[in-house]
Amino acid sequence: MNHYTAAYNSPVGPIVIESDGEALTGLRFGEEKTPATLPVFDEVIRWLDDYFAGRQTENAVMDGKTDGRITAKPKGTAFQQRVWQALLSIPYGETVSYGELARMVGCKSAQAVGQAVGANPIALLIPCHRVIAAHGKLGGYAYGQEIKKQLLNIEQP
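Computed from a prediction, not measured in an experiment: that's the story for all the values here.

> Could you clarify how one ought to interpret the overall build of the protein chain in this entry?
Per the secondary structure count, the protein chain includes 5 helices and 5 strands. For 157 residues, the compact-globule formula gives about 15 Å, and the C-alpha radius of gyration of the protein chain, at 15 Å, lands near that figure. Dimensions of the protein chain, computed from C-alpha atoms along their principal axes, come out at roughly 40 × 30 × 30 Å. Counting the 157 residues in the protein chain, one finds 47% classified as buried. A sequence separation of at least 24 residues applies to 54% of the contacts in the protein chain between residues at least 6 apart. Here the protein chain displays about 8,000 Å² of accessible surface, and carbon together with sulfur accounts for 49% of that area.

> Which parts of the structure should I look at to understand the state of the cysteines?
Structurally, a disulfide amounts to a covalent bond that connects the sulfur atoms of two cysteines. One pass over the full model with this rule turns up 0 disulfides. No disulfide involves Cys 107; its sulfur sits 17 Å from the nearest other cysteine sulfur, which is in Cys 128.

> Hey, could you run me through the nonpolar core in this one?
Note on soluble globular proteins: their nonpolar side chains tend to be buried together. In this structure, Ile 17, Leu 48 and Leu 124 are the most contacted members of the largest nonpolar core, which totals 46 residues. Within the residue set of this core, elements represented by two or more residues are strand 1 (4-10), strand 2 (13-19), strand 3 (24-29), helix 1 (39-52), helix 2 (78-87), helix 3 (98-104), helix 4 (110-118) and helix 5 (145-154). If one sorts the elements of this core by residue count, helix 1 sits on top with 7 residues. Each residue touching Ile 17, except ones within four places of it in the same chain, is listed here: Tyr 4, Thr 5, Ala 6, Tyr 8, Leu 24, Gly 26, Leu 27, Phe 41, Val 44, Ile 45 and Leu 48.

> Can you walk me through the pattern of salt bridges in this structure?
Using the criterion set out here, one finds 3 salt bridges in the structure. Arg 28 is the salt-bridge partner of Glu 18, the closest N and O atoms lying 3.2 Å from each other. With a gap of 10 residues between them, Glu 18 in strand 2 and Arg 28 in strand 3 connect regions that are remote in the sequence. Overall, the relative accessible area of 14% leaves Glu 18 in the buried class. Here Arg 130 and Glu 155 are joined by a salt bridge, their closest N and O atoms 2.8 Å apart. Remark: Glu 155 occurs in the segment after helix 5 and Arg 130 occurs in the loop between helix 4 and strand 5 (131-132); sequence separation between them is 25 residues. With a relative accessible area of 0%, Arg 130 lands in the buried category. Exposure remark for Glu 155: the relative accessible area of 4% places this residue in the buried category.

> Got a minute to help me understand helix 5 in this structure?
Owing to its 3.6 residues per turn, the α-helix aligns residues three or four sequence positions apart on the same side. Among the residues of helix 5, Ile 147, Lys 148, Leu 151 and Leu 152 are the ones counted as buried. End-on view of helix 5: buried residues confined to an arc of 135°, all on one side of the axis. Elements in contact with the buried residues of helix 5: strand 3, helix 1, helix 3 and strand 5.

Calculation criteria
- Residues numbered from 1 in each chain as written.
- Predicted model: local features only at pLDDT ≥ 70, side-chain atom pairs only at ≥ 80, totals over all residues.
- Heavy atoms only, no water.
- Helix = DSSP H or I, 4+ residues; strand = E, 2+ residues; numbered from the N terminus.
- Rg over C-alpha atoms; globule rule 2.2 N^0.38 Å.
- Buried < 20%, exposed > 50% of the residue type's maximum accessible area, 1.4 Å probe, protein only.
- Contact = heavy atoms within 4.5 Å.
- Areas by Shrake-Rupley, 256 points an atom, 1.4 Å probe, with all protein chains shown as cover.
- Disulfide = S-S within 2.5 Å.
- Core = buried A, V, L, I, M, F, W, Y, C linked by side-chain atoms within 4.5 Å.
- Salt bridge = Lys/Arg side-chain N within 4 Å of Asp/Glu carboxyl O.
- Arc of directions from axis to C-beta.

By themselves these figures say nothing about function.
See below:
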């Protein structure tokens, strides 16, 4: 399988965009030294520009029906895929708790759902940052609570 990367400098830190050549396979905060150029990267960069400018953006899609949105192909277990699909239903500017997300996917364990959220390989476009702990507490984030807080602040009117 092909693996391509591109770099994006965001206001909250550098981002690495990953693709198999057709779909988005990864989006993470970090450094990238050898970027490539692909149409999917151009689409993701436009999306990121809009996002960080505070313009409401649509989430990616995972089912291949792009309807003009970015197609994401994250790799994970069937359970992780189910949780990530549910993340796509959380609208821009809104949050859900781990418990609410567990109910959405029919799982009794908020902890298991939290682990699946933490394993999400496509940050932002599959909005794991919109999942918070009980009672409105921020909760964890793979890239740190400060970045999560900044992302949620971007989405507030």
